[in-house]
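Working through the structure, step by step
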Amino acid sequence: MKERLMFQNAPHVRQSESVVTMMTDVIVALLPIYLIAFFYHGARSLVLGISGVLFCGLLSVLGAILLREKPAADLTPIITGLIIPLLLPADIPYYVLFSACAVAIFVVKIPFGGTGYNLFNPAAVGFASVAICWPELVFRYPATMQKIEVFGESTVKIAQSPAYSLSLGAIPDQNILDLLLGSAPGPMGATNILVVVACGIFLIVKKAINWIEPVSFILPYSVLCLLFPRIGGSPLEALCYELFSGALIFGAFFMLTEPVTSPKRDFGKLMAGVSSAIVVFLFRYFGKFEMGFASALILMNVFSPIFDSVCENVLHVLRHTDNISASIKAEIAAKKAAKTVSEPVVRPVKKTEEAEIAEVSEEIAEIEAIEVSEEVLEAENETTEETEKEEALAK
Amino acid sequence: MSLFVKGIFLEQKKEPMLTRSTLVMRQEFEYFDCDFPDSAIDELSREQIIELARLAEIVDESDGKMLWEKLEKSPSGENVTLIVDAVDDEPYISSQMSVGIHQPEKLSLGTELCEKVLSPEKVYIAMYRHILDSNFGIPKKIGKYHVKKIGGLYPAESRVHRHLPKGKNSVIIGACAMLHLARAAEESRKMTTCFVTVAGDVVKNPRNVEVPIGTTAEKILELCGLTEEPEAIILGGSMTGRAIFEPENETVGPTTRGVIALSRSYGTYSYTCIGCGRCDHACPKALSVCMMRKFAENGKFDMLEKYDVDMCIGCGACSYVCPSRIDVSATLIKAKKQMELAKKEGNL
């Protein structure tokens, strides 16, 4: 019996969910988006996804070797490698994708200590860096339903994306159904809103992500869009165009909810969601650049430790309220007691208080003693009376 | 505050130990002599009952204190509520509940004696309600005492007296101690036994057993039988107990509630923390566990103190939910002990 016994710390039962199952859920939720991209753009989208995953995996193994660590069985580079191509157009040259992956792994992740220690969302930083370096390639979207060559320069028709039209203050050419179904030009994975939302709901049901962040991001953002529309026409239509263009919904479900860089508590997540909604709106309303979401996310990642510490401070106060409220109540009771006394209130020193208490207790003891003696006397009287009556009766 | 207080949902796995009757290991009982052997149980005075508890050497299994000291020193009178603790909220463990269910007469007699000593305003027996994986129904009354069903998420034991109004005292006494007190009054028997749940996925005949104090874990497991070699043997509860390596030397004490044999330990495999914040949400005391673990690993005791580490009750909820399988609660408890040592030496 003895040989097989293993050491383990309490508790001895553990949840069946682990990091592996969480990451697998996210990967499974990303696959349908690739299928839709394959439907609209052909095999190049799948090849982009596979090459992104392979390159990210390779880089993280390389990083582990450089740091002289054992390469861990870690699924996070796969998720990064799957998300980055989905933010880019389907005809993006491979070197742009590879440089985005390299920035994500080698600049954001490994120098800070690998998985769990990165300060910023790797996919967002990777995308933002290539958007700054090659804006003419990253924001040039191919029209849908064309076969793009799997390798080499693409020679397909270019179309104006709804996000670009909105930034110019014009109503997009596509109608809202096109945006929902994903046939509008735009980032490879972020245009098909219905599929993205379905995958997000799958993640929420599987508890791989928290529902608070997407909801607290999308609701305030839509309120802001209703209040300050960028285009003419009915405000509802404008809201739909604002929400469904660009990588907004995709980012809200897959990038904002990244556990490492988001706040820990529900209230912190709420604050992060609302504030990033405001920042994204400001970037889109005043900025001329199209990638409002990624840069706003990077900015808000800086604030998540602050949101955490705000939550902790609030809870710290709440944890100690029991003692505080008890002491306040005692003070109030003491004041009331002091007011009821008609004599001018003179605060006695502690020693006199003790002396008073001693005196009072002595008095009480005396009164009690007197009472007891009286009771005894009465009882004796009664008994004597009773015996007399009995004797009289007997006579 | 109660808005933020959470816990974890646990599969209780109390069947079939709870519905099976208690197995008594063959043993010789010890008896004591007292000055009032012939007086009836109803006529025992307060001092006599405390004397009985002292002679029988009864230990309260819920906190490990001597029962007579507890009865003598704890407050009595109208402001006091007497709570009989039969809350078994840890998985597998049901030793206290089985006492209430299979020997209700003894439990109510013991409670009656304690009521006589403390003369409290209210008496009730607390039991854990949310045993969702069995159809077992908790009785509404045991003897003449009302059974209060404590529900909700783990840990429930710390919430036993939460609904009491402020300014009222509560005295919590374990159910097994009540049983031993009743035995001392009826048969003048010493407390030489303890109630232990033997469970786990490799135990052939899992049930509650009454064994002499000092029995080794190996003997207890032999009594119930093993289907295969276990990889982990746990002395105590499944959430707070400790793993043992020498079952032939480790003995059960009066506060031991279970011996659990598991076919597979969860192992030492762990990822780095990904900061998902599940531990923060699971903590029943609303502590920021995720940050506290980082402070504890880096030895920043001053920050730990600011984050209220002394409020940690060591329930293990954070470790249970951690998807990276990090020993969060073990790290915190260790840091707490180191802090106490440093304080004693005057380094902090």
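Please refer to the structure placed before this passage.
Residues numbered from 1 in each chain as written. Chains lettered and ligands numbered in written order. Predicted model: local features only at pLDDT ≥ 70, side-chain atom pairs only at ≥ 80, totals over all residues. Heavy atoms only, no water.

With respect to the overall build of chain A
A tally of helices and strands in chain A yields 16 helices and 2 strands. Going through the 395 residues of chain A one by one, you find that 45% of them count as buried. Sequence separation of 24 or more characterises 75% of the internal contacts of chain A that already satisfy a separation of 6 or more. Surface accessibility of chain A: about 20,600 Å² in total, with carbon and sulfur atoms responsible for 67%. (Helix = DSSP H or I, 4+ residues; strand = E, 2+ residues; numbered from the N terminus. Buried < 20%, exposed > 50% of the residue type's maximum accessible area, 1.4 Å probe, protein only. Contact = heavy atoms within 4.5 Å. Areas by Shrake-Rupley, 256 points an atom, 1.4 Å probe, with all protein chains shown as cover.)

Here's the deal with the interface of chain B and chain A
Contact residues are listed per partner, giving 63 residues for chain B and 39 residues for chain A. Our count for the chain B to chain A interface comes out at 3 salt bridges. Note that Glu17 of chain A is salt-bridged to Arg278 of chain B, the shortest N-O span being 3.1 Å. Put simply, chain B and chain A have 23 residue pairs in polar contact (both at pLDDT 80 or more) between them. Looking at the side of chain B that touches chain A, the elements that each hand over two or more residues are β9 (232-235), β10 (242-244), α7 (278-282), α10 (317-321) and α11 (328-345) of chain B. Residue composition of the side of chain B that touches chain A, by class: 31 nonpolar, 16 polar and 16 charged. (Salt bridge = Lys/Arg side-chain N within 4 Å of Asp/Glu carboxyl O. Polar contact = N/O pair within 3.5 Å; in protein donor to acceptor, adjacent residues only side chain to side chain. Nonpolar A, V, L, I, M, F, W, Y, C, P; charged D, E, K, R; others polar.)

Some words on the sheet that holds strand β2 (residues 80-86) of chain B
Residues and elements named next belong to chain B. The sheet built from 5 strands is open, its strands ordered β4-β5-β3-β2-β6 with mixed pairing. Where the open sheet ends on each side, the last strands, each with one partner, are β4 (141-142) and β6 (169-174). Both β2 and β6 contribute to a ladder of 6 bridges, which runs parallel. Directly across from Thr81, in β6, lies its bridge partner Ser170. Sitting on the sheet, helix α3 (residues 95-102) is in contact with β2, β3 (122-128), β4 and β6, with an inclination near 120 degrees to β3. Strand contacts of helix α4 (residues 104-118): β2, β3, β4, β5 (145-150) and β6, with the helix running at about 155 degrees to β2, the strand carrying the most contacts. (Pairing = 2+ DSSP bridges. Axes fitted to C-alpha atoms, helices over the stretch in contact; angles between N-to-C directions.)

Re a negative patch on the surface
A cluster of acidic residues, Glu3 of chain A together with Asp201, Glu228 and Glu229 of chain B, forms a negative patch at the surface. Looking at where Glu229 of chain B falls in the secondary structure, it is placed in the loop between α6 (217-224) and β9. For Glu229 of chain B, a relative accessible area of 37% translates into the label partly exposed. (Patch = residues over 30% accessible without salt bridge, like charges linked within 9 Å, V, L, I, M, F, W, Y side chains within 5 Å. Lys, Arg positive; Asp, Glu negative; His and termini not counted. Charge placed at Lys NZ, Arg CZ, Asp CG, Glu CD.)

With respect to unusual backbone geometry
Residues and elements named next belong to chain B. The amide bond that connects Glu15 to the next residue, Pro16, takes the cis arrangement and shows omega of 0 degrees. If you trace the backbone, Pro16 turns up in the segment before β1 (23-24). Cis rather than trans, the peptide bond between Tyr154 and Pro155 has omega equal to -5 degrees. In this structure, Pro155 sits in the loop between β5 and β6. If you check the backbone angles, Ser188 has positive phi at about 45 degrees while not being a glycine. When you line up the elements, Ser188 lands in the loop between α5 (175-187) and β7 (193-199).

Quick look at the sheet that holds strand β8 (residues 207-212) of chain B
Residue and element names in this part refer to chain B. Within the open sheet, the 6 strands sit side by side as β1-β8-β7-β11-β9-β10. Their pairing is mixed. For this open sheet the edge positions go to β1 and β10, each flanked by a neighbour on one side alone. Across 6 bridges, β7 lies against β8 in antiparallel orientation. Within the sheet, the bridge partner assigned to Thr197 lies in β8 and is Asn208. Sheet strands in contact with α3 are β7 and β8, and its direction is about 110 degrees off that of β7. Running over the sheet, α5 touches β7 and β8 and is turned about 140 degrees from β7.

Structural notes on the state of the cysteines
As enumerated under the stated definition, the model contains 0 disulfides over all chains in all. The cysteine Cys315 of chain B is free of any disulfide, with Cys318 of chain B supplying the nearest cysteine sulfur at 6.2 Å. (Disulfide = S-S within 2.5 Å.)

Describing the packing of aromatic side chains
Residues and elements named next belong to chain A. Going through the model one piece at a time under the given rule, you end up with 15 aromatic pairs over all chains. Where Phe250 meets Phe254, the ring centres are 5.1 Å apart and the plane angle is 25 degrees; that geometry is what we call stacked. Of the two residues, Phe250 and Phe254 both sit in helix α12 (residues 248-254), 4 residues apart, roughly one turn of that helix. For the pair Phe250 and Phe254, a shared accessibility class is recorded, and that class is buried. When the ring of Tyr285 is compared with that of Phe286, the centres are 5.1 Å apart and the planes differ by 80 degrees; the resulting orientation is edge-to-face. Of the residues examined, Tyr285 reaches a relative accessible area of 35% and is grouped as partly exposed. Residue Phe286 is classed as exposed on the basis of its relative accessible area, which comes to 61%. In textbook terms, an aromatic cluster arises when at least three aromatic residues are bridged by ring pairs, as seen for Phe217, Tyr221, Phe228, Phe281, Tyr285, Phe286 and Phe293. (Phe/Tyr/Trp six-rings, centres within 6.5 Å; stacked < 30°, edge-to-face > 60°.)

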